[in-house]
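Notes for the structure review
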Amino acid sequence: MFLNLVLTFSAEGVEWEDMTARRQLGDEASCRTGNPIDDCWRCDPNWESNRKMLADCALGFGRNAVGGRDGEIYVVTVSGNDDPINPNPGTLRYAALQEEPLWIIFDHDMVISLKEELVINSYKTIDGRGFNIQIANGPCLAIYNVSNIIVHNVYIHDCIPAGNALVRDTPSHYGLRGRSDGDGISITGSRDVWIDHCTLANCNDGLIDAVYGSTAITISNNYMFQHNEVMLMGHSDDFVGDKNMQVTIAFNVFGEGLVQRMPRCRHGYFHIVNNIYTGWEMYAIGGSASPTINSQGNVFLASNNTFTKEVTKHESEDEEEWKKWNWRSDGDLMLNGAFFTPSGEESPASYMKASSMVARPASFLTKYSPSAGAMNCQKGHHC
């Protein structure tokens, strides 16, 4: 599922129009939107031959994630027959656990239903461009104590818990893996991670969770919908190892049916920039344990529910405590009664560690048809 939205105003109020079909009919110039990540690569009609160019296009705290750029291209040919202990060549699991860098692509449309979490080794790119690639109806992706991971253009949904089972994580090692929560993408103790242009929905726990000292992460251009606890950043209030976490959340569309945690932050530094929020059933951005939250150039469109207009939730009953947390809204567009409760200091210096890229004005999101989610890229045409 891929969204290309434009904000329109009418006598009936504010609404978003899906511009996907219109954009696909446009000329070459229409591929440039002003989104600097997309404009880096999406205008190339030869993207299929130049896939690795993508690795040079990340921005934000995860900008150094090179994935499998410096390795060979590996083509996944088999969607089924998942063996967590002795994976078969041609499967996604076999490619993902190899020691050497790999740029992993696919040769046809696939729905991959895993038997256990897919444990991804360092220096891997999972690139679903060109086909409809879904990871669904089973355990999903685990980025565990590794670095340099790119996950791009994959639809991840209906992920379920698994574990207490033997799972291979390298060609030379397998072991007992504990019970997983059923996240779409679980990032644990890892760094230099970029999740871009994926669609995520309806998982058992989080859509994307980053915990246990993970850092240098960019989550961009994703479309998320139909889910309760969307993103958890930070393991617990007591786990001080997350104090150095830095995450950029940029150009995503938080769509229909989302309840809370877009994201929910602990400790750490979070740059939430140029995203579109189209309604939330509890809150959009929350946190505890004094995270620094720098919200810039976002569009917050509240639902018609009178009781869910507030964007933020300070997860502390002690007002004197949370008033010290550095949370700011800078240039955000608040629609349909949405409001952001700031706290802490206002000086730009207080947000230096939560600043990772230049924010576009929020009006940019209402004029340039921002797009998000897994794309229908076709060979010989720009995406």
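Heads up: the structure comes first, above all this text.
Residues numbered from 1 in each chain as written. Predicted model: local features only at pLDDT ≥ 70, side-chain atom pairs only at ≥ 80, totals over all residues. Heavy atoms only, no water.

As a further point, take unusual backbone geometry. Across the junction of methionine 262 and proline 263, the peptide omega takes the value 5°, indicating a cis bond. Tracing the sequence through the fold places proline 263 in the loop between strand 24 (258–260) and strand 25 (264–266). The backbone phi angle of aspartate 192 is positive, close to 55°, even though this residue is not glycine. Secondary-structure assignment places aspartate 192 in strand 15 (residues 191–196). The phi dihedral of asparagine 202 falls on the positive side, at around 55°, and the residue is not glycine. Inspection of the secondary structure assignment puts asparagine 202 in the loop between strand 16 (199–201) and strand 17 (208–211). (Helix = DSSP H or I, 4+ residues; strand = E, 2+ residues; numbered from the N terminus.)

A few words now on a nonpolar patch on the surface. A contiguous nonpolar patch, built from Leu166, Tyr174 and Leu176 and spanning about 320 Å² of accessible area, is present on the exposed surface. Assignment of secondary structure puts leucine 176 in strand 13 (residues 173–177). Judged by relative accessible area, leucine 176 falls into the exposed class, the value being 66%. (Patch = residues over 30% accessible without salt bridge, like charges linked within 9 Å, V, L, I, M, F, W, Y side chains within 5 Å. Areas by Shrake-Rupley, 256 points an atom, 1.4 Å probe, with all protein chains shown as cover. Salt bridge = Lys/Arg side-chain N within 4 Å of Asp/Glu carboxyl O. Buried < 20%, exposed > 50% of the residue type's maximum accessible area, 1.4 Å probe, protein only.)

Take the sheet that holds strand 29 (residues 292–296) next. A sheet is described by the order of its strands in space; here ten strands give the open sequence 3-4-7-10-15-18-22-26-29-32, paired in parallel fashion. One side of each edge strand has no neighbouring strand; the edge strands of this open sheet are strand 3 (72–76) and strand 32 (327–330). Taking each pair of neighbouring strands and ignoring which way they run, the sheet shows an average axis angle of 10°. In this sheet, strand 18 (residues 215–220) lies alongside strand 15 in parallel orientation, the contact comprising five bridges. What sits directly across from aspartate 196, in strand 18, is serine 220. (Pairing = 2+ DSSP bridges. Axes fitted to C-alpha atoms, helices over the stretch in contact; angles between N-to-C directions.)

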